[in-house]
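Tertiary structure, described
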Amino acid sequence: MLRSLVGSEMCIRDRYQRRVRGTLIDRFMAQSMKSVLGPLAAMASCWLLRRWSSGGSGRAPMVLWSSLRSNFAARVRYTIYANRLEKHVVIKNPGGKEGSVGGGACSLPAATTAEDDTFMRAVRARNAIGKIPLLVLPDGAAIPESQIIVEFLERRFESPAKLLPHDPESAARAQLVARIHDVYMGSHFLPCLFRELSPEQTELGLRWIHHALDALEGLHPGGERFFVQDRVTVADIAVAPTVVYMLVSGEKLKGGTPFFNRPKLKDWWACMMRDVVWQRVYAEMESMFPQNTEEHMFCGRV
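Summarised in this report is the structure supplied together with it. (Residues numbered from 1 in each chain as written. Predicted model: local features only at pLDDT ≥ 70, side-chain atom pairs only at ≥ 80, totals over all residues. Heavy atoms only, no water.)

What follows is about the overall build of the chain. For the chain, the helix and strand inventory stands at 9 helices and 4 strands. Reading the helices (α) and strands (β) of the chain from amino to carboxyl end gives α-β-α-β-α-β-β-α-α-α-α-α-α. Within the chain, contacts between residues at least 6 apart in sequence are counted, and of these 70% link residues at least 24 apart. With an accessible surface of roughly 16500 Å², the chain has 58% of that area assigned to carbon and sulfur atoms. (Helix = DSSP H or I, 4+ residues; strand = E, 2+ residues; numbered from the N terminus. Contact = heavy atoms within 4.5 Å. Areas by Shrake-Rupley, 256 points an atom, 1.4 Å probe, with all protein chains shown as cover.)

This part covers the sheet that holds strand 1 (residues 62-65). Spatially, the 4 strands line up as an open sheet ordered 2-1-3-4, and their pairing is mixed. The open sheet has two free edges, formed respectively by strand 2 (89-92) and strand 4 (142-144), since each of these has just one partner strand. When the angles between neighbouring strand axes are averaged without regard to direction, this sheet yields 20°. Sheet topology note: the strand 1/strand 2 ladder contains 4 bridges and is parallel. (Pairing = 2+ DSSP bridges. Axes fitted to C-alpha atoms, helices over the stretch in contact; angles between N-to-C directions.)

What follows is about helix 5 (residues 168-194). The end-to-end C-alpha distance of helix 5, which contains 27 residues, comes to 37 Å, matching closely the 39 Å that a straight helix rising 1.5 Å per residue would cover. Taking the largest bend as the criterion, helix 5 deviates by roughly 45°, centred on D182. (Expected span 1.5 Å × (residues − 1). Bend = angle between axes of the 7 residues up to and from the residue.)

This next bit is on the nonpolar core. L135, L153, I209 and W278 are the most contacted members of the largest nonpolar core, which has 59 residues in total. For this core, the secondary structure elements donating two or more residues are strand 1, helix 2 (71-82), helix 4 (146-156), helix 5, helix 6 (199-219), helix 7 (234-248), helix 8 (263-272) and helix 9 (276-286). Here L135 is in contact with M62, V63, L64, V89, A141, A142, I143, I149, F152 and L153, once residues within four sequence places are set aside. In terms of nonpolar packing, the next biggest core, distinct from the first, is built from 9 residues, A73, A122, L134 and V136 among them. (Core = buried A, V, L, I, M, F, W, Y, C linked by side-chain atoms within 4.5 Å. Buried < 20%, exposed > 50% of the residue type's maximum accessible area, 1.4 Å probe, protein only.)

Let us look at a nonpolar patch on the surface. Judged by side-chain polarity, Y184, L204 and W208 come together as a nonpolar surface patch covering roughly 280 Å² of accessible area. Following the sequence through the fold, L204 ends up in helix 6. (Patch = residues over 30% accessible without salt bridge, like charges linked within 9 Å, V, L, I, M, F, W, Y side chains within 5 Å. Salt bridge = Lys/Arg side-chain N within 4 Å of Asp/Glu carboxyl O.)

All chains considered together, the criterion is met by 6 salt bridges. The partner of R155 in a salt bridge is E151, with the nearest N and O atoms 3.5 Å apart. Here R155 and its partner E151 are both found in helix 4, 4 residues apart, which amounts to about one turn of the helix. Between R262 and D214 there is a salt bridge, with its nearest N and O atoms 2.9 Å apart. With R262 in the loop between helix 7 and helix 8 and D214 in helix 6, the pair connects residues that are 48 residues apart, well separated along the chain.

Counted under the stated rule, the structure contains 7 aromatic pairs. Considering the side-chain rings of Y184 and W208, the 5.2 Å spacing of their centres and the 20° angle between planes classify their relative orientation as stacked. On the criterion of sequence distance, the pair formed by Y184 in helix 5 and W208 in helix 6 is long-range, its members being 24 residues apart. Ring centres of W268 and W269 lie 5.8 Å apart, and the angle between their planes is 55°; on these two criteria the pair is classed as tilted. The ring of F157 carries R156 above its face, with NZ or CZ at 5.3 Å from the centroid. (Phe/Tyr/Trp six-rings, centres within 6.5 Å; stacked < 30°, edge-to-face > 60°. Lys NZ or Arg CZ within 6 Å of the ring centre and 35° of its normal.)

Now for unusual backbone geometry. That bond from I132 to P133 is cis: its omega, 0°, falls within 30 degrees of zero. Mapped onto the fold, P133 is located in the loop between helix 3 (118-126) and strand 3 (134-136). Even without being glycine, E145 reaches a positive phi, approximately 75°. Looking at E145, the relative accessible area reads 38%, which means it is partly exposed.

The next thing to look at is the packing of helix 2 against helix 9. Look at helix 2 against helix 9: their axes get within 9 Å of each other, and the N-to-C directions meet at 140°. Overall, the two elements helix 2 and helix 9 adopt an arrangement that is oblique. You can see that helix 2 and helix 9 cross each other, and the crossing is right-handed. In this structure, helix 2 contributes N71, A74, R77, Y78, Y81 and A82 to the contact, and helix 9 contributes V277, W278, R280, V281, E284 and M285. Looking at the contact of helix 2 with helix 9 residue by residue, the classes come out as 8 nonpolar, 1 polar and 3 charged. (Parallel < 35°, antiparallel > 145°, perpendicular 65-115°, else oblique. Left-handed = near helix turned anticlockwise from the far one by under 90°. Nonpolar A, V, L, I, M, F, W, Y, C, P; charged D, E, K, R; others polar.)

Dropping the structure here:
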């Protein structure tokens, strides 16, 4: 009887130990699988999320209505090239004489667009503002204004270029430079330098241009550096395309150049011209310079 009880106790104890060992092994295996599969699952989720958010295969690309003549469109193309977004954003540039008044110059009434300028009429059919650049999303929604497009692309995709700094103070400084350009320089340089205005209109516009250039000279940190941080930002790509045209046709500027009495801007330009992506955009703009000096690069004065 005693032997039977001892045997039963040992049997129960053995079953219990096996069950405990089995449970521990099961837990160990589950934990091991979790430790292995967890990171893999997280990586897969991140990959799928990035693929979806960046317009992976099966999603129609965005379309940028651009122009190689447009100083405003140039900053958007820089953003696309710097972030390697060519497969996500198709760039459309006009051919021949279409897009005749260039990018930011499309503030002219739609009625002044030539009837055979199908490019600009297509732009205006997609957005009431009717200006280049214009970003059209796969669902047909349109985003005008170059700075808005640049910041949208920076936030929409993972941006290795980081043209819009993450640091709030640096971002504000970069956006301020772009804003000064857009409001006080970019909106005046085209009519003042490339159109026949009244002397009063020309003088007023040139005063704003010089005022903006002086402000940018004051905002630059000095030396052969970019405006903000140690890399190109929205500040640099806003100003540089307009400087191209000022260097080509800046006879009306003091000293005939935007760098007259502005050594910091001159050093900044030297720094900018060493940037590989900017060299690509600059070459595109340079390709539009007329070989025949009698042919205006904006295809006619208005």
